[in-house]
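Residues per chain are reported as follows:
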Amino acid sequence: EEFNYPLDNVHLLGYSLGAHAAGIAGSLTNKKVNRITGLDPAGPNFEYAEAPSRLSPDDADFVDVLHTFTRGSPGRSIGIQKPVGHVDIYPNGGTFQPGCNIGEAIRVIAERGLGDVDQLVKCSHERSIHLFIDSLLNEENPSKAYRCSSKEAFEKGLCLSCRKNRCNNLGYEINKVRAKRSSKMYLKTRSQMPYKVFHYQVKIHFSGTESETHTNQAFEISLYGTVAESENIPFTLPEVSTNKTYSFLIYTEVDIGELLMLKLKWKSDSYFSWSDWWSSPGFAIQKIRVKAGETQKKVIFCSREKVSHLQKGKAPAVFVKCHDKSLNKKSG
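Residues numbered from 1 in each chain as written. Predicted model: local features only at pLDDT ≥ 70, side-chain atom pairs only at ≥ 80, totals over all residues. Heavy atoms only, no water.

1. Side note on the nonpolar core
Then, in step 1: If you look at the biggest cluster of nonpolar residues, it comprises 30 residues, and the most contacted ones within it are Y200, F206, I221, L223, I250, L264 and I288.
Then, in step 2: Per element, the largest residue contribution to this core is 5 residues, and it comes from strand β8 (residues 198-206).
Then, in step 3: The contact partners of F206, leaving out residues within four places of it in the chain, are F219, L237, V240, S241, T242, N243, K244, Y246, F283, A284, I285 and L310. (Core = buried A, V, L, I, M, F, W, Y, C linked by side-chain atoms within 4.5 Å. Buried < 20%, exposed > 50% of the residue type's maximum accessible area, 1.4 Å probe, protein only. Helix = DSSP H or I, 4+ residues; strand = E, 2+ residues; numbered from the N terminus. Contact = heavy atoms within 4.5 Å.)

2. Describing the pairing of strand β1 (residues 11-15)
Then, in step 1: Direction of pairing for β1 relative to strand β2 (residues 33-39): parallel, over a ladder of 5 bridges. Counterpart to L13 in the pairing with β2 is T37.
Then, in step 2: Handedness of the crossover joining β1 and β2 through helix α1 (residues 17-27): right-handed. (Pairing = 2+ DSSP bridges. Right-handed = clockwise from strand over helix to strand, strands pointing away.)

3. Concerning unusual backbone geometry
Then, in step 1: The amide bond that connects M193 to the next residue, P194, takes the cis arrangement and shows omega of -5°.
Then, in step 2: Looking at where P194 falls in the secondary structure, it is placed in the loop between β7 (183-187) and β8.
Then, in step 3: Of note in this structure, N243 is not a glycine but carries a positive phi near 60°.
Then, in step 4: Following the sequence through the fold, N243 ends up in the loop between β10 (229-241) and β11 (244-252).
Then, in step 5: By relative accessible area, which is 47% here, N243 ends up partly exposed.

4. So, the packing of aromatic side chains
Then, in step 1: For the structure on display, the rule yields 10 aromatic pairs.
Then, in step 2: Taking 5.7 Å as the distance between ring centres and 20° as the angle between the ring planes, the aromatic pair formed by F219 and W266 counts as stacked. Of the two residues, F219 is situated in strand β9 (residues 213-225) and W266 in strand β12 (residues 259-266); the sequence distance between them amounts to 47 residues. Just as F219 is buried, W266 falls in that class too.
Then, in step 3: Measuring from centroid to centroid gives 5.5 Å for W266 and F283, while their planes differ by 20°, and the two rings are stacked. Of this pair, W266 sits in strand β12 while F283 sits in strand β13 (residues 282-285), placing them 17 residues apart in sequence.
Then, in step 4: Among the aromatic side chains, those forming a connected cluster through ring pairs are F206, F219, F235, Y246, F248, W266 and F283. (Phe/Tyr/Trp six-rings, centres within 6.5 Å; stacked < 30°, edge-to-face > 60°.)

Put into structure tokens, the structure is as follows:
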């Protein structure tokens, strides 16, 4: 009021308790401020609070929120768990951030002493700030988040759609989408800046003549593209059964460009298994479908032979883009 400054130009950012302070400030202006960004708003005493006494979508024309440390039971987690904005983004599921584990804490304590032990507590909470800073430093190449009903569905790769505002940029360059109810969005990140990764949904149909079911199986997938490759990306399937299709999410830290080829390896158990000694279980795979979240492109990969036989503990099965099969045969 003193400087007659237009509230349309005001963007408030608040971290932890400051996110709620920004919300209260926004609610007290006669005309709404343009935007409030909540950086892991505090959870204790706010999880069950009414909208007027915490950050809420009513506090600005647009409210976007990053949730980075929602571990624990509701009301006891350091960051608020429920959505409190127009767009609520939960990096890595929102509970815990990569690089903030106990092993990392032990390394920090070994290098710098116990004085930095509080950094472990703050690591995931403060990641919200660093993610936003990263979005300012890399405005041209923002991280993408995807709308999803749950983090479990996101882990299956089921939510990598950008249709009808289903994906958005994280941080400063977010698209101001205001829906009637909050959009919960998810993404994976790296453990350090730049945090951006590239998301892929992979769908595999395991077939075979004999009925087999295996639980908690470890695999590795390698992706090869026009720009780079990303090899031996580990993933675990809770169950693998004959004549069933499985969908899962993987991500790469490097931009590999357009996908050209992939390899799939079924890892042997780390412990000695008599059943693997006598016979190696296996499945037949004809095609693998991959969807890239960032480009929205879908690619179908075919076995170099008519069908690839994936066996546990054996050499990886190789798949190439279906229409490139003849080219690959010519080039050996």
